[in-house]
Amino acid sequence: MLGLMQSQQLLISSLIDFAERHHGEGEIVSRRVEGDIHRCSYKDIARRSRQVANALDGMQLAFGDRVATLAWNGYRHLELYFGVSGSGRVLHTLNPRLHPDQIVWIANHSEDQVLCFDMSFLPIVKAVHARCTTIKHFIALCDATNLPADSGIPGLQSYEAWMGNQAAQYAWPEFDENSASSMCYTSGTTGNPKAALYSHRSTILHAWAGAMPDALNMSARDSVLPVVPMFHVNAWGLPYSAAMTGAKMVFPGPAMDGKSIFDLIESEKVTFAAGVPTVWQMMLGHMQQGGLRFSTLKRTVIGGSACPPAMISAFNDDYGVEVLHAWGMTEMSPLGTVCTLKNKHLSLDASQKMAVRIKQGRGIYGVDMKIIDEKGEELPWDGKAYGDLLVKGPWVIREYFKGEGGSPLVKGWFPTGDVATIDADGYLQITDRSKDVIKSGGEWISSIDVENIAMAHPAVAMAACIGMKHPKWDERPVVVVVKKPGADLAREELLAFFEGKTAKWQIPDDVIFIDAIPLGATGKMQKVKLRETLKDYHLPTA
Ligand code: ADP
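Below is a summary of the structure that appears in this document.

The subject of this paragraph is the environment of Gly86. Tracing the sequence through the fold places Gly86 in helix H3 (residues 75-86). Considered as a pair, Gly86 and Ser49 are 37 residues apart in the sequence and their alpha carbons are 8.4 Å apart. Beyond its immediate sequence surroundings of up to four residues, Gly86 is in contact with Ser13, Trp172, Pro173 and Phe175.

Dropping the structure here:
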């Protein structure tokens, strides 16, 4: 017997319809490439998303055609989120920090038809457009007066001229909720990049789960600042969760430095912000230098790479901001776990609470996870056994776009490439990416653990731990360190700092001081590049 409830497809257009009707006055604030602060409302975004949809129809784009963006976080990008997907096309967010050759490869692979770009990326588009063989329309995200006359890009139009005169009415099409809505390529640290192709259904379910209290806890009372780029896994789904809850949105545009982010948090009364640890490192540095305080920020979700415990304490103890440590990946839309406390933890003392908070957190409803050993046997949830982490759920990929790389699934589960423990309360702790684990004398050393200890030293701005070949032990850890500006730190002092904080054999064999650690397109440390830089290095202990 079937239930007798209405069957309604879960479509992204319903989010902006809802936001317009129930939170029409809700504010969308953007720092623009033009340098000014732009203000509009959900009502404006909804109207302009419909105009985008009309403009796409005018280009005769077919259902499922890809529309690419090269853009910062801002209101026009948000309109494309709704206008492109809502009208049945697929939004392809390109990462402008990639090498131009990679951008060409990705745009051709996804067969993008349209490219909408912020003017700051004009030099990239000039360099790549002739090689992007499927793109028929280039649109600069600006008004007609800011459009360069001699760009050399054929048929270049301004966004405002392209969509501004379109009708404000548009009937969003109804279609199967499993239709593709957007796509994001992984960084491709091994081999060519592969794309996760999200659906309307996966996006809505993910946005719903992400907004829940034990996830990101988003509401109409929030002012949300996604520092995480809209070109990286849909800014962790925040644009969708915000429309679903009616939260105010604050977009940083191109200004991602510590001062600009801090100023925006204060001026827009931001209550909730999201980003990778390296972004917060810059902002905390700026605040410490200027003796600054937050007046409205309540919580921040930090993920994408392990959040050092020192950063969690700095936010919590020094600024009264709750850190939600979260874990996920492009293939998971991206949310998998978020670290929030259970009732039983509330009576714990500060250091015991901290021991929970540094973990990557509990799986949110919708994400199933397990850890397995090398034979494929499931390991216990005891917080000690570590193994390969596998996941499944309605917003986890089942295969990559165009079947690249073959079927990734292992008996229906997606292997994350991470190594983790899970404790009896279900809290996941990532030990490492499997390729970053240091194998020393048959034992594993977590590079994240070593980095976390180094980061707790007051003179350390950034630390990366990598394994170096060793004739006896196979590999030994070394820690590569960037000192804080003006700080003094000797190798021996840092090595001594590890004493008593970890097992003796897990203490790095050496410290290498460096001016900067290479960061990838999503702000993560690039250990592959770092290893290349250090290829002539010899371990003093070898
Ligand atoms: P890529 O870095 O390949 O572009 P993602 O951005 O999807 O892809 O990265 C996902 C990976 O980032 C995870 O598999 C995990 O290794 C790492 N990661 C994400 N969040 C965390 C976290 N909170 N702690 C440790 N590692 C994390």
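On to the pattern of salt bridges. One pass over the full model with this rule turns up 30 salt bridges. In this structure, Glu160 and Arg76 form a salt bridge, with 2.9 Å as the shortest nitrogen-oxygen distance. With Glu160 in helix H6 (residues 159-163) and Arg76 in helix H3, this pair connects stretches of sequence that are 84 residues apart. Note on accessibility: Glu160 and Arg76 belong to one class, buried. Here the residues in one salt-bridge network are Arg32, Glu34, Asp36, Arg48, Arg76, Glu79 and Glu160, joined through shared partners.

Tracing the backbone through its elements, the reader meets Val67 in strand S3 (residues 66-70). The exposure class assigned to Val67 is buried, which follows from its relative accessible area of 0%. Taking C-alpha positions, Val67 is 10 Å from Lys136, a pair spaced 69 residues apart along the chain. Not counting chain neighbours up to four residues away, the residues in contact with Val67 comprise Leu56, Leu61, Val84, Arg89, Val90, Leu91, His92, Val114 and Cys116.

A few words now on the site of the ligand. Inspection of the region around the ligand gives 15 residues, with Ala326, Thr330, Asp418, Arg433 and Lys524 positioned closest. Residue Thr330 places a main-chain N or O atom 2.5 Å away from an oxygen atom belonging to the ligand. Contacts to the ligand include Asp418, whose side-chain N or O atom sits 2.6 Å from an oxygen atom. Taking 560 Å² as the accessible area of the ligand by itself, protein coverage stands at 93%. For the shell around the ligand, the leading source of residues is strand S14 (residues 322-328), giving four residues. Among the residues forming the shell around the ligand, the class breakdown is four nonpolar, eight polar and three charged.

Strands sit in the order S7-S6-S5-S3-S4-S8-S9 across an open sheet of seven strands; the sheet is mixed. Two strands in the sheet have a free side with no partner beyond their single neighbour: strand S7 (157-158) and strand S9 (195-199). Where helix H7 (residues 200-211) meets the sheet, it contacts strand S8 (180-185) and S9, and its direction lies at approximately 80° from that of S9.

Here the focus is the nonpolar core. In this structure, Trp280, Phe294 and Phe315 are the most contacted members of the largest nonpolar core, which totals 113 residues. With seven residues, helix H2 (residues 42-58) is the largest single contributor of residues to this core. Counting 30 residues, the second largest nonpolar core, distinct from the first, contains Ile103, Ile124, Phe138 and Tyr185.

Taken together, the five bridges between strand S17 (residues 368-372) and strand S18 (residues 387-392) define a ladder with antiparallel strand orientation. Residue pairing across strands places Ile371 opposite Leu389, the latter belonging to S18. Across four bridges, S18 lies against strand S19 (residues 414-422) in antiparallel orientation. Counted as the bridge partner of Gly387 is Ala420 from S19.

Turning to unusual backbone geometry, a few remarks are in order. Residues Ser333 and Pro334 are joined by a peptide bond in cis, for which omega reads 5°. Tracing the backbone through its elements, the reader meets Pro334 in the loop between S14 and strand S15 (335-338). Look at Glu111: it is not a glycine, yet its phi comes out positive at around 60°. Residue position: Glu111 is located in the loop between helix H4 (100-110) and strand S5 (112-117). For Glu111, a relative accessible area of 33% corresponds to the partly exposed category. Despite not being glycine, Lys411 shows a phi value in the positive range, around 45°. Mapped onto the fold, Lys411 is located in the loop between S18 and S19. When its relative accessible area of 81% is taken as the criterion, Lys411 is described as exposed.

Below, the discussion takes up the side chain of Lys527. For Lys527, the position within the fold is in helix H16 (residues 527-533). You can call Lys527 buried: its relative accessible area is 9%.

Once that is clear, we can look at the packing of aromatic side chains. Applying the stated rule across the entire model yields eleven aromatic pairs. With 5.5 Å between their ring centres and 35° between their planes, Tyr81 and Tyr240 make a pair best called tilted. Placement of the pair is Tyr81 in helix H3 and Tyr240 in helix H9 (residues 238-245), with a sequence separation of 159 residues. By relative accessible area, which is 0% here, Tyr81 ends up buried. Residue classification places Tyr240 among the buried positions, given a relative accessible area of 1%. Ring centres of Phe262 and Phe294 lie 5.8 Å apart, and the angle between their planes is 40°; on these two criteria the pair is classed as tilted. Taken together, the residues span a long stretch of sequence, with Phe262 in helix H10 (residues 258-267) and Phe294 in the loop between helix H11 (277-290) and strand S13 (299-302) at a distance of 32 residues. For Phe262, a relative accessible area of 6% gives the class buried.

Calculation criteria
Residues numbered from 1 in each chain as written. Predicted model: local features only at pLDDT ≥ 70, side-chain atom pairs only at ≥ 80, totals over all residues. Heavy atoms only, no water. Helix = DSSP H or I, 4+ residues; strand = E, 2+ residues; numbered from the N terminus. Contact = heavy atoms within 4.5 Å. Salt bridge = Lys/Arg side-chain N within 4 Å of Asp/Glu carboxyl O. Buried < 20%, exposed > 50% of the residue type's maximum accessible area, 1.4 Å probe, protein only. Near = heavy atom within 4 Å. Polar contact = N/O pair within 3.5 Å; in protein donor to acceptor, adjacent residues only side chain to side chain. Areas by Shrake-Rupley, 256 points an atom, 1.4 Å probe, with all protein chains shown as cover. Nonpolar A, V, L, I, M, F, W, Y, C, P; charged D, E, K, R; others polar. Pairing = 2+ DSSP bridges. Axes fitted to C-alpha atoms, helices over the stretch in contact; angles between N-to-C directions. Core = buried A, V, L, I, M, F, W, Y, C linked by side-chain atoms within 4.5 Å. Phe/Tyr/Trp six-rings, centres within 6.5 Å; stacked < 30°, edge-to-face > 60°.

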